[in-house]
Amino acid sequence: MERLSFLMRRKVVVTTFALFAIANLAFGQDYQDKYIKYSSAKLSEEQKDVLKKEIKGVNYDEKEAMVLTKITEWQYHIDTVGVTYHRVGNTFGYARMLLNTLEDKHIDRACKAILASIALQDVNPNSKTFGLWPYFKEEPLATKRTPPDFNMADFFSVTLLDIYMGHKQRLPDSVVAKIVASLKLASRCIEKRNQGPSYTNIAIMGTYVTYMVSHLFDMPDMQAYAAKRLKTFYDYTIEKQGFTEYNSPTYTITALDEVSRMKQHIIEPEAKAMVDKINDVAWSIIARHYHKPSGQWAGPNSRSYSTFLKQEKLYTILNLASKGKVNLGVRKFDANEILLEYEMPEKYFSYFNAPVYPRLENDVFEPNEPKVTGTTLLEKEFVLSTANRSCLWNQRRPFLAFWGTKESPRYLQFQFVKNNYDFSSAAIFTHQDGTNVLAGVNLFLFGGDKHIGIDKIKTGKFKAKDLRLRFRFGGTKSSDDLNIPNKENEPFQFKLDDLNFQFHLFQASLDKQKGFWEKGGDGKDAWIDYVLYTGAEKEFDLNTVQEAVWAFTFSMGEKGKKLPASKPEFDSKDKTFNAKWNNLTITFPTNLLPLGGFPKNL
């Protein structure tokens, strides 16, 4: 307090928040009971330097006390594109970064940012979004045109928990009280939504939030809810030996983030044992699907936001989780997750340090009928993977190959494209044996357009000016080395990057309407397309389609390896397409059935 008096005598103007920080220089408190533990934030100089650099690049609006973000791309929950708005999540994250520097000069700004974002939370108990935040200050929940994103109650609560547990001793009581009240409201929003275990990242994140909030702030009813929710998620994960978003580079890492938080903070023995087992499952998925030569996370992937792996984040996690025993040459802290403590079981180290090739990984992603299985062949030169059944939403990767090097990887992905965007109402069925794949594609009624759930084609009718099947060669800048057949249904092959590729579209019918082949690219990727329609925009009525069938074989192998020359056998009877090629078989409907009919588990 002498320091405070000195400043006042010198008439130095400081804010209330800064004064509080000066009066509490001796902060830091560890907490533990029989359920949870936490401690004040402690960072290395390396971690602090990462944060300081990141902070310099933030576009912070002093007047609004929020971070500005330019919206350049369409997203499911955003009303407007091409504008610069104040983003709630980025502002919470910015406040956390400021506080994690452990420099008291940042406390004032961090507190203002926290309060500005908390103020945007829906506090109306009669509202459907009670306890939720919007994405942006400029798109309040009450007037949004697009659906609200209830995931934000989970995501923002995680950040607020980090702030509360890591820094509450440094913050004014008034700010701490606001954080506590906000966390309670958000946890009630999470509880009311009650997301089941099938939506992995939100299921586990919401479990973490409700468990921690209920024990931190003595909420017995929510403690019971959180314990039950953890057990439900554990049982579901053990049954599947994985997550609903199977083998997902995006969601497995997100799940691992939240599991790591649980491992840091949840200590009750029964809960801890479940968390440890979930952690093992996550690491098994990552290890068994990592392809070291290309530096890529092999498919098939239920959900992936980017086909190429974000190597820096994974490699840093591997380094931290193995305490440096897995070192793939990159260690770059994520400023948003800088306090996480990952832990990889030692039995998985060899998958990254000295993997065995060739190796075949067979997965059962959905054990209930119709089963969803995955096949991944990992060779030194390439990795080829398929899911036996899937829709072709832009986040799915049911047919995927990688090759190349860690520094210059390549991929092949199959897509069904409408107006240059993946069409969610297309489905693929595959059977893979090593380097050979037999695949069939059809359409189904009342599925999604760009998204599987948000923009469903409720009438079965949609407008399009372009429809095509696409084999996308990611990282191949020119289509000059690609080949297309002279005739519609003849096999074709070519060599690329010292690998052989062979394709045969042996059946193609949209009510007997034929298409044609062409190749193209955008300077980053090249592709081979089978064009179903291109021209003036017109309406397609899926209700009237009697037959939609595209079936193909695919083979790949290192240069010099002979690829199979046999032709497939097939027939179409009783609205069912059957095909056989060597020892591979597929069966799928030729007519269009409603989503929820034949095409379950897509």
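See the structure above.
The rules behind the values
Residues numbered from 1 in each chain as written. Predicted model: local features only at pLDDT ≥ 70, side-chain atom pairs only at ≥ 80, totals over all residues. Heavy atoms only, no water. Helix = DSSP H or I, 4+ residues; strand = E, 2+ residues; numbered from the N terminus. Contact = heavy atoms within 4.5 Å. Salt bridge = Lys/Arg side-chain N within 4 Å of Asp/Glu carboxyl O. Buried < 20%, exposed > 50% of the residue type's maximum accessible area, 1.4 Å probe, protein only. Pairing = 2+ DSSP bridges. Axes fitted to C-alpha atoms, helices over the stretch in contact; angles between N-to-C directions.

## Considerations on the side chain of histidine 106
Mapped onto the elements, histidine 106 comes out in the loop between helix 4 (88-100) and helix 5 (107-118). Once residues lying within four places of it in the same chain are set aside, the contact partners of histidine 106 are Leu98 and Thr101.

## Here we look at the pattern of salt bridges
What the rule picks out here adds up to 34 salt bridges. Linking lysine 137 and glutamate 64 is a salt bridge whose minimum nitrogen-to-oxygen distance equals 3.6 Å. Taken together, the positions of lysine 137 in the loop between helix 5 and helix 6 (151-167) and glutamate 64 in the loop between strand 3 (60-61) and strand 4 (66-71) put the pair 73 residues apart, joining distant regions of the chain. By relative accessible area, which is 34% here, lysine 137 ends up partly exposed. With a shortest N-O distance of 3.1 Å, aspartate 276 and lysine 272 are connected by a salt bridge. Of this pair, aspartate 276 and lysine 272 both sit in helix 11 (residues 269-288), four residues apart, which is roughly one turn of the helix. On the accessibility criterion, aspartate 276 (27% relative accessible area) is partly exposed. In this structure lysine 272 comes out as partly exposed when scored by relative accessible area, which is 35%. Counted as one network, the salt bridges with shared partners bring together Asp466, Arg468, Arg470, Glu518 and Asp529.

## Considerations on the sheet that holds strand 11 (residues 389-391)
For sheets, the rule is that strands pair by backbone hydrogen bonds, running either parallel or antiparallel. The strand order 11-15-16-22-19-18 describes an open sheet built from six strands, whose pairing is antiparallel. Strands at the two margins of the open sheet, each flanked by one partner only, are strand 11 and strand 18 (492-496). Mean inter-strand twist for the sheet, computed between neighbouring axes without regard to direction, equals 20°. Pairing of strand 19 (residues 499-510) with strand 22 (residues 548-558) involves 11 bridges; the strand directions are antiparallel. Paired with asparagine 500 across the bridge in strand 22 is glycine 557.

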